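Residue-level listing of the chains:
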Amino acid sequence: MKLIRLSAACGLVALLTACTHPGAKEQEARELEACKQMVLAGLLKIPEARDMRFLGKVAEATAVCRGGQKALQFRMTPWVDWSQYWGTGDMASLPQNYVSSQGAALRGVSGALLDLEYQRIALIKFNLFDNSGTYKTYVSGSGGAGGRSIKVWPEMRLPKTNPYYQAVGGERAQECKGELIRGRTTTGICNDILNPLMGSSGALFARNVEFETSFPDLGRNELTRNRHGNRLGLLTPDPQVISRNLLTRIQTPDSKNCNAGFGAPDNSPTANCDYQKAPFFNVLAAYWIQFMTHDWFSHMEEGHNAAAYIDMGCTTQLVDGVPKPLTPAEAEKLGCRPGDRVDKTLVADDSPPESFTAGGKKYLARAPKTFANTNTAWWDASQLYGYDETSKKRVKRDPKDPARLLLEPVAGVSGGYLPVLQAGDPIQPQWMGQEAAAFPDNWTIGMSFFHNLFAREHDAFVEEFRRQAAERPNADSGLRNPAVPTREIANKDVTPEELFTAARLVVSAMIAKIHTTEWTPQLLYNEPLYKGMNANWNGLLGTGEPEVSKALSDIVVNEFGKTKDVVKSTQWYSVFASGPGIFGLGSQVPGYDITKAESTNGGVNHFGSPFNFPEEFVTVYRLHSLIPDLIEYRDWRQDPNQIVQKVAVINTFEGKATDAMRSRGLANWGLSMGRQRLGLLTLHNIPQFMQNIRLPRLDTPGKQIDIAALDLIRDRERGVPRFNEFRRQYGLRQLTGYDDFFPKPLSAEHRQWAQQLREVYGTHVCDASKVITDAQRNQDNSPIDDCLGHPNGSVVDNIEDVDTVVGWLSESTRPHGFAISETQFVVFILNASRRLFSDRFFTSSFRPEFYTTLGVDWVNHNGPGPEQIEQGLPNGHKQPVSPLKRVLLRNIPELADELKPVVNAFDPWARARGEYYTLEWKPRPGAESDPAFMK
Ligand code: HEM
């Protein structure tokens, strides 16, 4: 118990040590006094009810203690306070002339981490809504246990139709055993041994918002009707009009030969399509996240939606707040197309949902419509290996060694490349000519890059295993077969199938590690997030305190994981898991036995709600603005500083990617996308080619659609609440008008953007007698009404109607180094940690018995051999050579020189990383002649 108290006080101790530092300056003294008041007031209470959440806004003394005057002033804005604490930005966020700027940074950064942990606890408590039938139990409990401590659900049993029904126990209590538990299964069943169906292909998407607040267009209840006043529909406000007015990339006179995103016919480097660029994040990072979403979720079946088609707008616009038809001339001027049509989203169930009553309150048992995730929800690299029997047939194994993925030599470029899909493969016509991949949709050069890279990584692992096995054939591989658990499996006895399965586990874990410890800390480039993300993986204690980590992990799994007390099993579980980290949680408990679910499954926690992604998660990943229209193409054999061509992304769409990859090679694409900045997530930054893309699969005359407009339509079809209610549901403060999106005083550009929002979404005369939400209350505890604090009867912005994607793109106040908005981020806080917490192979089954001994070391050290450490202390940290950098070095050795100075493979490779989290766009030594730095 001593350990528990020690860790519980960790954050507090850090604060106090910093707070009690003797202050020399008046300002510092005031802050230290505020620290005392903050400590005396005690830690924040975990809210009892949804409408009592802290909204990321702290008390006055806390703000002053952690960030001084700047943080104090910021409290008036809707945005989370921690972004203004000391040390949470670049050098400018450190105080000048303080006795110890380090002490201030420590209290700022640890304060931010505390705020984030509070947010996570509240999100776990208030934002889990499962659609598959368990929600009633979640609310009401079962057999005396609180709903949130329940771990096994009848709804997660395999149905009779599943081929493995008998194998897991049929009608009896179901438990996965034998071969079914040894690795990641094709359809994702049996990740959770006691809930075989969880996270498998075809399971329903969950929600993070109250069911009652989903599908606002349907106006199902009074609050929704009051909130939107009959103003919403699938095509109102008009999605194409929104796209053209608010999302189109603005082209300056610099833009030459952009040619609607097609660039110059000869790929001339003089072509230019303007886009707003992020200085600290590269194009590899953009494609990385598309590659990830193809692993996590999909609403489509084999590249298709439903059979029926719908219109896509370009027919109305608001004139003085009233929708009026758009004339052909107006449509042409805008650039939209009234004839565009698209296939409807697939719906799993739209029958009226049941309701139930608990504690005097009536609840819907699920959302009014549900949708299936046709992918496995697990982080199992299913985009590479398959998610059902059909997609698996697209995965080519090497017939000479079935442990390997098939890669073939290509003349003129080094290394192996994925084979091309053949007519006999299960493919849609639009995928003809593409490289073999389980998930082939929306394929361009970026997908080709990562699929080839990780196929090579798979084979690199197999090769190293075979090398070691040849050296030590009789040595223990670490693998065990649960059917004969005591039999040691020697290296020489590992079958190709067993090795393939282990390699998939290793590749999936490497991908998860890259995402958690490399992509995300660069996406959210500041100190609290660096610490927070590394805590998710290695724990706040890091790797330096293995004994304490092990002991804490034991406590988390055995004390908090097994209790029926919901507070312990949810909030304390989450808090204490930050100590040892989520990855590997429960894998080191004494007496581990691979035949017992208690061991192999013991480290998972679903917090009372079966794991699947919520629809809202898909919404915040609609990141199409990240993609540039043209890739600044370079050749590693020439001068990497030179841009030799500009290749249009659209000219690498679908089958065209194959030739682009094979004629130019993985190394050149890596270099090109590694150096180029990606597109900012902001208004007016949708790639031109995406607004005009032709999808061969569409059964329409023009086959054209506007992907930005489709993003809005899909969210409306799936009932995602609009932006303001979305924020309220997630425990963030609402906005009161379009101006709130932008920092005050408004710049000329932002004033124009606010006006554009006003023209597109409109205004109305507000009615203070209409209550619009029960998710939050005003600060004086009164209900929130249609006037949002403005005088009754005044003209207010229709801020409640703003589509969530448009809302988060408009958010212009963000924490330092955030490539995404805080609204998107809060969705990640919950779901990114949940998909680690829920996955046995990232927690209690991260063991040599499943991964092999080599596999465990590979994941821990980012490859074979001991961990490698970067020189120096980037941003003040001892930094292992990052996992993606190691993957790149291993599999594309041509890039060795280019990668030498790179610390994070998602930071533009030629950027000088500079001092503490700088976002400056300056070349590193040797890259001064790179034209990308000319402006
Ligand atoms: C480079 C080229 C890309 C192309 C051609 C492309 C194309 C598309 C298309 C056509 C859809 C609509 C599918 C439908 O609902 O009918 C879609 C959906 C989507 N895209 Fe992209 N996309 C690209 C890049 C990205 C990137 C970089 C991201 C970043 C994460 C992304 C995230 C998504 C998401 C989250 C969806 C919704 C998926 C779902 O409903 O399950 N896409 N994309």
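## Let's talk about the environment of asparagine 226
So, step 1. Tracing the chain through its elements places asparagine 226 in helix 7 (residues 222-228).
So, step 2. Sequence-wise, asparagine 226 and leucine 197 are 29 residues apart; in three dimensions their C-alpha atoms are separated by 39 Å.
So, step 3. Non-local contacts of asparagine 226, meaning those with residues more than four positions away in its chain, are made with Lys770, Val771, Ile772 and Asp786.
So, step 4. A polar contact is formed between the side chain of asparagine 226 and the backbone oxygen of valine 771, at a distance of 2.9 Å.

## Here's the deal with the coordination of the iron atom of the ligand
Four donors placed tetrahedrally around a metal ideally meet at 109.5 degrees, and six donors placed octahedrally ideally meet at 90 or 180 degrees.
So, step 1. From the protein, the iron atom of the ligand takes a single donor atom, His624 (NE2), 2.2 Å away.
So, step 2. Along the polypeptide, histidine 624 turns up in the loop between helix 19 (615-620) and strand 12 (630-633).

## Side note on the packing of helix 9 (residues 283-296) against helix 13 (residues 445-471)
So, step 1. One can describe the packing of helix 9 onto helix 13 by two numbers: an axis separation of 9 Å at closest approach and a directional angle of 75 degrees. Compared by their axis directions, helix 9 and helix 13 come out roughly perpendicular. Residues Leu284, Tyr287, Trp288, Gln290, Phe291 and His294 of helix 9 lie in contact with helix 13, whose contacting residues are Ile445, Gly446, Met447, Phe449, Phe450, His451 and Phe454.

## What about the site of the ligand?
So, step 1. Of all residues adjacent to the ligand, which total 27 residues, the nearest are His299, Asn305, His624, Arg714 and Arg718.
So, step 2. Side-chain polar atom of asparagine 305 to an oxygen atom of the ligand: 3.0 Å apart, as the coordinates give it.
So, step 3. In the environment of the ligand, an oxygen atom lies 2.9 Å from a nitrogen or oxygen atom belonging to the side chain of arginine 718.
So, step 4. One can see that the ligand is located within the largest cavity.
So, step 5. Among the secondary structure elements, those contributing two or more residues to the shell around the ligand are helix 9 and helix 23 (707-717).
So, step 6. Considering each element in turn, the shell around the ligand owes the most residues, 5 residues, to helix 9.
So, step 7. When the residues that make up the shell around the ligand are grouped by side-chain class, the tally is 15 nonpolar, 8 polar and 4 charged.

## Some words on the packing of helix 13 against helix 30 (residues 883-891)
So, step 1. Direction vectors running N to C along helix 13 and helix 30 enclose 80 degrees, while the axes themselves pass 10 Å from each other. Judged by the angle between their axes, helix 13 and helix 30 are roughly perpendicular. Of the residues in helix 30, those touching helix 13 at Phe449, Leu453, Phe454, Arg456, Glu457 and Ala460 are Leu884, Val887, Leu888, Arg890 and Asn891.
So, step 2. Here the residues of the contact of helix 13 with helix 30 sort into 7 nonpolar, 1 polar and 3 charged.

## With respect to the state of the cysteines
So, step 1. All chains considered together, the criterion is met by 5 disulfides.
So, step 2. Covalent S-S linkage joins cysteine 314 and cysteine 336, the inter-sulfur distance amounting to 2.1 Å. Here the S-S torsion is close to 65 degrees, and the disulfide linking cysteine 314 with cysteine 336 is therefore right-handed. Taken together, the residues span a long stretch of sequence, with cysteine 314 in the loop between strand 2 (309-311) and strand 3 (316-319) and cysteine 336 in the loop between helix 10 (328-334) and strand 5 (341-343) at a distance of 22 residues. Per residue, the accessibility class of cysteine 314 equals that of cysteine 336, and both read buried.
So, step 3. Between cysteine 766 and cysteine 787 runs a disulfide, and the two sulfur atoms are separated by 2.0 Å. Taking the sign of the S-S torsion, 95 degrees for the link of cysteine 766 and cysteine 787, the bridge is right-handed. A residue pair is termed long-range when its members are at least 10 positions apart, and cysteine 766 in the loop between strand 17 (763-765) and strand 18 (795-797) and cysteine 787 in the loop between strand 17 and strand 18 qualify at 21 residues.

## Comments concerning the packing of aromatic side chains
So, step 1. A complete count under the given rule lists 51 aromatic pairs for this structure.
So, step 2. Measuring from centroid to centroid gives 5.8 Å for phenylalanine 291 and phenylalanine 454, while their planes differ by 20 degrees, and the two rings are stacked. In this pair, phenylalanine 291 sits in helix 9 while phenylalanine 454 sits in helix 13, placing the two residues 163 residues apart along the sequence. The residues phenylalanine 291 and phenylalanine 454 share a single accessibility class, namely buried.
So, step 3. For the pair phenylalanine 297 and phenylalanine 617, a centre-to-centre distance of 6.2 Å together with 80 degrees between the ring planes defines the contact as edge-to-face. With a gap of 320 residues between them, phenylalanine 297 in the loop between helix 9 and strand 2 and phenylalanine 617 in helix 19 connect regions that are remote in the sequence.
So, step 4. Taking the ring centre of phenylalanine 500 as reference, the NZ or CZ of arginine 397 above it sits at 3.6 Å.
So, step 5. Taking the ring centre of tryptophan 379 as reference, the NZ or CZ of arginine 835 above it sits at 4.1 Å.

## Quick word on the confidence of the model for the chain
So, step 1. Residues of the chain with pLDDT of at least 70 account for 93%, and the chain-wide mean is 92.
So, step 2. A low-confidence stretch, residues 1-24 (pLDDT under 50), is modelled with 37 contacts involving residues beyond four sequence positions or located in other chains.

Rules and cut-offs
Chains are numbered independently. Their residues run from 1 in the order of the written sequence. The predicted nature of this model means local features are confined to residues of pLDDT at least 70 and side-chain atom pairs, given and counted, to a pLDDT of 80 or more, with totals for whole chains, interfaces and linings taken over all residues. To get the side-chain values, take all heavy atoms of the structure and skip hydrogens and water. A run of DSSP states H or I qualifies as a helix once it reaches four residues; a run of E qualifies as a strand once it reaches two. Both are numbered from the N-terminal end. Residues count as neighbours in contact if any of their non-hydrogen atoms are within 4.5 Å of one another. Definition of a polar contact: a pair of N or O atoms within 3.5 Å, with one able to donate and the other able to accept a hydrogen when the atoms are protein atoms, and with sequence-neighbouring residues admitted only if both atoms are side-chain atoms. In this description, a donor is an N, O or S atom within 2.8 Å of the metal centre, a cutoff extended to 3.2 Å for sodium, potassium and calcium. Water is not part of the atom list, which can make sites seem incomplete. Axis lines are fitted through C-alpha atoms, for helices just across the contact stretch, and the angle between N-to-C directions can take any value from 0 to 180 degrees. Oblique is the label for any angle not under 35 degrees, not over 145, and not in the 65 to 115 range, which are roughly parallel, roughly antiparallel and roughly perpendicular in turn. Neighbouring residues are identified by heavy atoms, a residue being near a molecule or strand if any of them is within 4 Å of it. Cavities and pockets were defined on a 1 Å grid built from protein atoms only: a cavity is a group of points that admits a 1.4 Å probe but offers it no way out, a pocket is an open group of points flanked by protein on both sides within 12 Å along at least five of seven lines, and a lining residue is one with an atom within 4 Å of any such point. Assignment to a cavity or pocket requires that more than half of a molecule's atoms be within 2 Å of the site's grid points. In the scheme used here, Gly and all other residues not listed as nonpolar or charged are polar, with Ala, Val, Leu, Ile, Met, Phe, Trp, Tyr, Cys and Pro taken as nonpolar and Asp, Glu, Lys and Arg as charged. When the sulfur atoms of two cysteines come within 2.5 Å, that pair is taken as a disulfide. Buried means the residue's accessible area, taken with a 1.4 Å probe over protein chains only, is under 20% of the maximum for its type, while exposed means over 50%, and partly exposed covers the values in between. Stacked, tilted and edge-to-face are the three classes applied to pairs of Phe, Tyr and Trp rings, where Trp contributes its six-membered ring and a pair requires centres within 6.5 Å; stacked means planes under 30 degrees apart, edge-to-face means over 60, and tilted covers the rest. The criterion for a charge sitting over a ring is simple: Lys NZ or Arg CZ within 6 Å of the ring centre, and within 35 degrees of the ring normal. pLDDT measures how confident the predictor is about each residue, on a scale from 0 to 100.

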